[in-house]
Amino acid sequence: MKRMLSGIKPTGRVTLGNYIGAIKPFVSYQDEYEMFIFIANLHSMTVYQEPAELRKNTKDLIALYIAAGLDPERVTLFLQSDVLEHAQLGWYLGCMVSMGELSRMTQYKDKAAKNEVIGAGIFNYPSLMNADILMYDPDFVPVGEDQKQHVELCRDVAEKFNSRYSDTFKVPTPLVAKVGGRIMDLQNPTKKMSKSEETSKGCIYILDDINISKKKIKSAMTDSDNSVHFDKENKPGISNLLEIYSILTNRTIKDIEQQYVGKGYGEFKGDLAEIVGEELQRIQDKYKEITTGSYLDEVLKAGAEKARPLARKKLAKVERKMGITITKR
Ligand code: AMP
Ligand code: TRP
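Values in this document were obtained by computation on a predicted structure and should not be read as measured data. (Residues numbered from 1 in each chain as written. Chains lettered and ligands numbered in written order. Predicted model: local features only at pLDDT ≥ 70, side-chain atom pairs only at ≥ 80, totals over all residues. Heavy atoms only, no water.)

## Examining the side chain of Glu101
The cut-off we apply is this: For helices the rule is a DSSP run of H or I covering at least 4 residues; for strands it is a run of E covering at least 2, with both sets numbered from the N terminus onward. The classification of residues rests on relative accessible area computed with a 1.4 Å probe and restricted to protein chains. Under 20% of the type maximum is buried, over 50% is exposed, and intermediate values are partly exposed. Only four residue types enter the tally: Lys and Arg on the positive side, Asp and Glu on the negative side; His and the chain ends are excluded. Throughout this description, the term salt bridge denotes a Lys or Arg side-chain nitrogen within 4 Å of a carboxyl oxygen of Asp or Glu. Every residue pair with non-hydrogen atoms within 4.5 Å of one another is taken to be in contact.
For Glu101, the position within the fold is in helix H5 (residues 99–103). Despite being buried, Glu101 has no salt bridge partner; Lys160 is the closest side chain of opposite charge, sitting 4.8 Å away. Among all residues touching Glu101, those that are not within four sequence positions of it are Met96 and Leu153.

Following this line, the structure appears as structure tokens:
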């Protein structure tokens, strides 16, 4: 079985974009791959997190993965901070990338261009991400478009390490979903739906009031053409809604377009609002069920216990090869 790994930061409330772009695909991958999923809480510290909110967001995120259908019995689901080896490997890998390479990462460049004071963590964070990945030798790393560049850097670092110290890491392949890789803001469909945006009218939160979310779908910005037809360039609003529809119903966009031939946006949006509402209801019910009692603590403990031995073994191998270790361990 091929191995797959991904991480998600517990920052802000989980959006429909996160759900469609990151959480839902994992649920379908778990039948085909050996999965490693972790909550990237070390990464979240690159910007200040209010402690109580961070705790709540972390817990919600784990619960939402499980509520969305991820099976902790089959998948290794853990908190990044529970496996200390990540930070240590991150240090070594950070010593193997140049300032130039890190400066070219668009996520850093965008932040730097804003001319605000930014923490060194934002600059260094790809090295920690490289460690998260290379630690477990995954074949594939499913990520959103915005993270692809980081996985490409990870490949370069793996190759550099392997050629310098002999074969140690599997060189991973980024996997960006074709549909759903980038769900757009409902009010501004040329911008990514994002939890960090202040205007929440264009953003659906998974744990939010369901009626509010349905209203957001119904009042999503679309063009005046009134024909349900996928054309990302000229009709970004309706195309975005079609993508959401397609993912949530497991139907092709073509098939959905056919269903709405001769019908207007109103009917399409009304149906989509119901589809989104039902999906949210199902997740929220399950969320309530698993967040009572100590179930989540047990899941995280078991996950860390599965991940830790692999991380220890890999770090020991790395340290041996680099000459850090001087005694037999
Ligand atoms: P973020 O919320 O930016 O930390 O992203 C967490 C994960 O969700 C990453 O894998 C993102 O690529 C994915 N993601 C975030 N926003 C969207 C979106 N609007 N559409 C699709 N995927 C998204
Ligand atoms: N950097 C990713 C994000 O911002 C989260 C992340 C951290 C990650 N480590 C990872 C994703 C390893 C994939 C693999 O969304």
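## Observations concerning the packing of aromatic side chains
A ring pair, where both rings are aromatic, is described by two values, the distance of the centres and the angle of the planes. The following threshold applies: Each pair of aromatic rings taken from Phe, Tyr and Trp, with Trp reduced to its six-membered ring, is defined by centres within 6.5 Å and is described as stacked if the planes are under 30 degrees apart, edge-to-face if over 60, and tilted in the remaining cases. Ring-over charges, as used throughout, are those where CZ of Arg or NZ of Lys falls within 6 Å of the ring centre and within 35 degrees of the ring normal.
For the structure shown, the criterion picks out 12 aromatic pairs. Taken together through their ring pairs, the aromatic side chains of Phe36, Phe38, Phe78 and Tyr136 make up a single cluster. It is Arg13 that lies over the ring of Tyr205; its NZ or CZ is 3.8 Å from the centre. It is Lys263 that lies over the ring of Tyr260; its NZ or CZ is 6.0 Å from the centre.

## What about helix H4 (residues 85–94)?
Quick note on the threshold: To obtain the arc, one takes the directions from the helix axis to the C-beta atoms.
Three or more residues of H4 are buried, namely Glu85, His86, Leu89, Gly90, Tyr92 and Leu93. Relative to the axis of H4, the buried residues are bounded by an arc of 165 degrees and lie together on one face. Next to the buried residues of H4 lie strand S3 (76–79), helix H7 (120–134), helix H8 (148–165) and helix H13 (295–322).

## Some points on the pattern of salt bridges
Once their charged atoms are close, side chains differing in charge can pair, the charge on each being opposite to the other. By the definition in use, this model includes 19 salt bridges. Note that Glu279 is salt-bridged to Arg282, the shortest N-O span being 3.3 Å. One end of the pair is Glu279 and the other is Arg282, both in helix H12 (residues 265–290) and three residues apart, which spans about a single turn. Residue classification places Arg282 among the partly exposed positions, given a relative accessible area of 43%. Connected via shared salt-bridge partners are Arg13, Asp208 and Lys216.

## Comments concerning the domain arrangement of the protein
Keep this limit in mind: For the domain bounds, the source is a domain assignment made automatically or taken from a database. For the purposes of these results, a polar contact is taken to be a pair of N or O atoms within 3.5 Å, where, inside protein, one atom must be able to donate a hydrogen and its partner to accept one; residues adjacent in sequence count only when each atom of the pair is a side-chain atom.
Parsing the protein into structural domains produces domain 1 (3–182 + 294–322) and domain 2 (210–289). In this structure, domain 1 and domain 2 have C-alpha centres spaced 30 Å apart. Facing 12 residues of domain 1, the contacting portion of domain 2 comprises 11 residues. Of the charged contacts in the structure, one is a salt bridge between Glu279 and Lys24, with a shortest N-O distance of 3.8 Å. Applying the counting criterion to the domain 1 and domain 2 interface returns two residue pairs in polar contact (both at pLDDT 80 or more).

## Things to note about H8
The cut-off we apply is this: Multiplying one less than the number of residues by 1.5 Å gives the expected span of a helix.
In this model H8 runs 26 Å from its N-terminal to its C-terminal C-alpha over 18 residues, within 8% of the 26 Å that 1.5 Å per residue would give. One or two steps after H8, the chain reaches Ser166, where phi turns positive at roughly 85 degrees.

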